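# Commentary on secondary and tertiary structure
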Number of protein chains: 2
Amino acid sequence: MSQRKRVFFVSDRTGITVEALGSSLLTQFADVDFDRLTLPFIDSVDKAREVVAQVNAALRESGQRPLVFSSIVDDAVRTEINKADGLVLDVFERFIVPLENELGTKSTHAVGKSHSVSDVKDYNHRIEAINYTLSHDDGVTHRGLAEADIVLVGVSRSGKTPTCLYLAMQFGIKAANYPLIPEDLEANRLPPSLLPLKEKVWGLSISPERLHHIRTERRPDSTYAALDNCRYEVAAAEKLMRQAGIPFMDSTTKSIEEIATHMLHEAHLVRRVY
Amino acid sequence: MSQRKRVFFVSDRTGITVEALGSSLLTQFADVDFDRLTLPFIDSVDKAREVVAQVNAALRESGQRPLVFSSIVDDAVRTEINKADGLVLDVFERFIVPLENELGTKSTHAVGKSHSVSDVKDYNHRIEAINYTLSHDDGVTHRGLAEADIVLVGVSRSGKTPTCLYLAMQFGIKAANYPLIPEDLEANRLPPSLLPLKEKVWGLSISPERLHHIRTERRPDSTYAALDNCRYEVAAAEKLMRQAGIPFMDSTTKSIEEIATHMLHEAHLVRRVY
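Residues numbered from 1 in each chain as written. Chains lettered and ligands numbered in written order. Predicted model: local features only at pLDDT ≥ 70, side-chain atom pairs only at ≥ 80, totals over all residues.

## Quick notes on the overall build of chain A
- Assigned secondary structure in chain A consists of 10 helices and 8 strands.
- In terms of overall dimensions, chain A has C-alpha extents of about 70 × 45 × 30 Å along its principal axes.
- Across chain A, contacts joining residues at least 24 apart in sequence account for 72% of those joining residues at least 6 apart. (Helix = DSSP H or I, 4+ residues; strand = E, 2+ residues; numbered from the N terminus. Contact = placed C-beta atoms within 7 Å.)

As structure tokens, this is what we get:
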């Protein structure tokens, strides 16, 4: 019998949180192969019945009990999901009772309070930060740089843009980024327009091998992508940042989330979105 | 005594998942005021001791037991966190044992398998999708539109850009977007370059009042932001999309995550990142 285990992520909302939680738990079982399916917006008993039918069909097909990670606020919907022939682990169920006891109050059992536009302020902060970040990507303009919460520098393709976008989207941080171009590296100094902002400038570095790999996908066989050139640029950028007193982080073995979270905490940025 | 309850999110990684999970649970207690702090990268017993000291200090200051949502893989670190004078709810602890029993195998207890560059392929898909989306934002270019997984249309400020970026970042989807400008609305037809792609074009709409509000923040007292103009544009865009057979979604009461997740599922997009 195959070790390919069927996994369902079921949520009355987007399913993004329960999916992240479940996936993170599944990485603990490296020798099992999982086959995942996310079923979002399961907010009625009828929809829950369809989920149960899918889970039971998966059991019949695979001969193995599926795993079901769920997050369902409504008791009737959750009761239905619990009838599925699988291991159902509901996040809401496992945590809400200890929380109610601790807080000495009943929960409202209202679906959809999180990630909802009831939080218009959060939404506006995110949009504002995304717009800011997009219009200050890759040194596009110096105007308004003083408004930035953080300015990232680094060589081309060191991960500045995705990190900035993640900071904006997830935390509402206005993140500008500025490339270190060959002229800066040769002169061994920060781009002059960044000097007045030095205390909020952070750097990203990367291993020359990984940079070579990334740049090759973009421009194969170019000087830009050549390993020798990547070695030179990374060494020169790190030297420049060290001399200028700019703290920097190596992005090579980190995900976008990890880099962004490190920056948030180490630069003591104040997030506008929770 | 104040109802302001101290909450800690503690993780051996970024803390993003445990924060989302905890925040979503806390929205169930609308009458309690929470004061949140995230402590990421708690991956040693020493760091865990500092966390415990912070939690215990919060108890002394507030006179109330703090809540601690944690996700700690390492047993020694988790044992330390559990000593805190608060209600400690550890996600890993509560779910890993039932999973081990079900899968009939021990978990590896290895920290940092998720969100890590061990998954270089995911990382590359995300970066590629983000780059694609950035270079196909707001109708910047027609080139390569055929490569898009989805093309979003809508009036200016209806939420296209953040939705596309979220699709790219979270799911690795190549999402282009294209504005419906007054000329398109007047001619009552899709921009001609989109006609060959019609089956992957989706629309975003928005309430005229919300659009007016958003545009006013950007350009106060302009015709662009005037409520009458917003009413006209939204009505004309919806008419155009209906006639062209473009499915569309109202973004007014939805968060970026919700719109993106709806699109993913309703357009049957194939995600490249889990």
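Still more to cover.
## As for the environment of His136 of chain A
- With respect to the helices, strands and loops of the structure, His136 of chain A is situated in the loop between α5 (120–135) and β5 (150–154).
- Between the C-alpha atoms of His136 of chain A and Ala148 of chain A, which are 12 residues apart in sequence, the distance is 9.0 Å.

## Focus: the relation of the copies chain B and chain A
- Least-squares fitting of chain B to chain A yields an RMSD of 0.0 Å, with the transformation described by 0.0 Å of translation along the axis and a rotation of 180 degrees. Both copies are brought into coincidence by an operation consistent with a two-fold rotation axis. Scanning chain B for the C-alpha nearest the rotation axis identifies Thr17 of chain B, at a separation of 3.1 Å.
- Both copies share a contact surface, since 100% of the interface residues of chain B are interface residues in chain A too. (Least-squares fit on C-alpha atoms with pLDDT ≥ 70 in both.)

## Observations regarding the sheet that holds strand β8 (residues 248–250) of chain A
Residues and elements named next belong to chain A.
- One open sheet holds the 4 strands; their spatial order is β6-β5-β7-β8, and the pairing between them is parallel. Each having just a single partner strand, β6 (175–179) and β8 make up the two edges of the open sheet. Each strand of the sheet is rotated relative to its neighbour by a mean of 25 degrees, with strand direction disregarded.
- Bridge count for β5 against β6 is 5 bridges, and the pairing is parallel. Across the sheet, Val151 pairs through a bridge with Ala176, a residue of β6. (Pairing = 2+ DSSP bridges. Axes fitted to C-alpha atoms, helices over the stretch in contact; angles between N-to-C directions.)

## Some remarks on the sheet that holds strand β3 (residues 67–71) of chain A
All names here are of chain A.
- What the 4 strands build is an open sheet, ordered β2-β1-β3-β4; its pairing is parallel. The two strands at the open ends of the sheet, each matched to only one other strand, are β2 (33–39) and β4 (87–90). Each strand of the sheet is rotated relative to its neighbour by a mean of 20 degrees, with strand direction disregarded.
- Each of β1 (4–11), β2 and β3 touches helix α2 (residues 45–62); the most contacted strand, β1, lies at about 175 degrees to it.

## Details of the environment of Ala48 of chain A
All names here are of chain A.
- Assignment of secondary structure puts Ala48 in helix α2.
- The class of Ala48 is buried, set by 26 C-beta atoms lying within 10 Å.
- Expressed as a C-alpha distance, the spacing of Ala48 and Ile81, which sit 33 residues apart in the sequence, is 5.7 Å.
- Once you skip the residues sitting within four places of it in the chain, Ala48 turns out to touch Ile42, Val77, Glu80 and Ile81. (Buried ≥ 20, exposed ≤ 12 C-beta atoms within 10 Å, placed from the backbone.)

## Details of the interface of chain B and chain A
- At the interface, 56 residues of chain B touch 56 residues of chain A.
- Only α1 (16–26), β4 (87–90), α4 (91–103), α5 (120–135), α6 (160–171) and α10 (256–266) of chain B provide two or more residues apiece to the side of chain B that touches chain A.
- Broken down by element, the residue count for the side of chain B that touches chain A peaks at 8 residues, all from α4 of chain B.
- Grouping the amino acids of the side of chain B that touches chain A by side-chain chemistry returns 27 nonpolar, 19 polar and 10 charged. (Nonpolar A, V, L, I, M, F, W, Y, C, P; charged D, E, K, R; others polar.)

## Here's the deal with helix α8 (residues 208–218) of chain A
Residues and elements named next belong to chain A.
- All of the buried residues along α8 are Arg210, Leu211 and Arg215. With its buried residues spanning 125 degrees around the axis, α8 presents them on a single face.
- On its buried side, α8 packs onto α9 (227–244). (Arc of directions from axis to C-beta.)

## A look at the nonpolar core
- Core analysis: the biggest nonpolar cluster contains 86 residues, and Leu167 and Ala168 of chain A together with Leu167 and Ala168 of chain B have the highest contact counts within it.
- Each residue touching Leu167 of chain A, except ones within four places of it in the same chain, is listed here: Ile173, Ala175, Ala260, Met263 and Leu264 of chain A. (Core = buried A, V, L, I, M, F, W, Y, C linked by C-beta atoms within 7 Å.)

## Some points on the pairing of β4 of chain A
All names here are of chain A.
- Summarising the sheet, β3 and β4 pair through 4 bridges and their orientation is parallel. Across the sheet, Ser70 pairs through a bridge with Asp90, a residue of β4.
- Where the polypeptide runs from β3 across helix α3 (residues 75–81) and back to β4, its parallel neighbour, the crossover connection is right-handed. (Right-handed = clockwise from strand over helix to strand, strands pointing away.)

## Observations regarding the packing of helix α6 (residues 160–171) of chain A against helix α10 (residues 256–266) of chain A
All names here are of chain A.
- Orientation of α6 relative to α10, taken along the N-to-C sense of each, is 70 degrees, at an axis distance of 9 Å. Here α6 is positioned roughly perpendicular relative to α10, judged by the angle of their axes. Remark: the crossing between α6 and α10 carries right-handed chirality. For the pair formed by α6 and α10, the contact residues are Pro162, Thr163, Tyr166, Leu167, Gln170 and Phe171 on the first element and Ile256, Glu257, Ile259, Ala260, Met263 and Leu264 on the second.
- When grouped by side-chain class, the residues that make up the contact of α6 with α10 number 9 nonpolar, 2 polar and 1 charged. (Parallel < 35°, antiparallel > 145°, perpendicular 65-115°, else oblique. Left-handed = near helix turned anticlockwise from the far one by under 90°.)

## Overview of the packing of α5 of chain B against α6 of chain B
Residue and element names in this part refer to chain B.
- Interaxial distance between α5 and α6 falls to 7 Å at its minimum, and their mutual angle equals 160 degrees. Classified by the angle their axes make, α5 and α6 are roughly antiparallel. As α5 packs across α6, the resulting crossing turns out to be right-handed. Contacts between α5 and α6 involve Arg126, Ala129, Ile130, Tyr132 and Thr133 from the first element and Cys164, Leu165, Ala168 and Met169 from the second.

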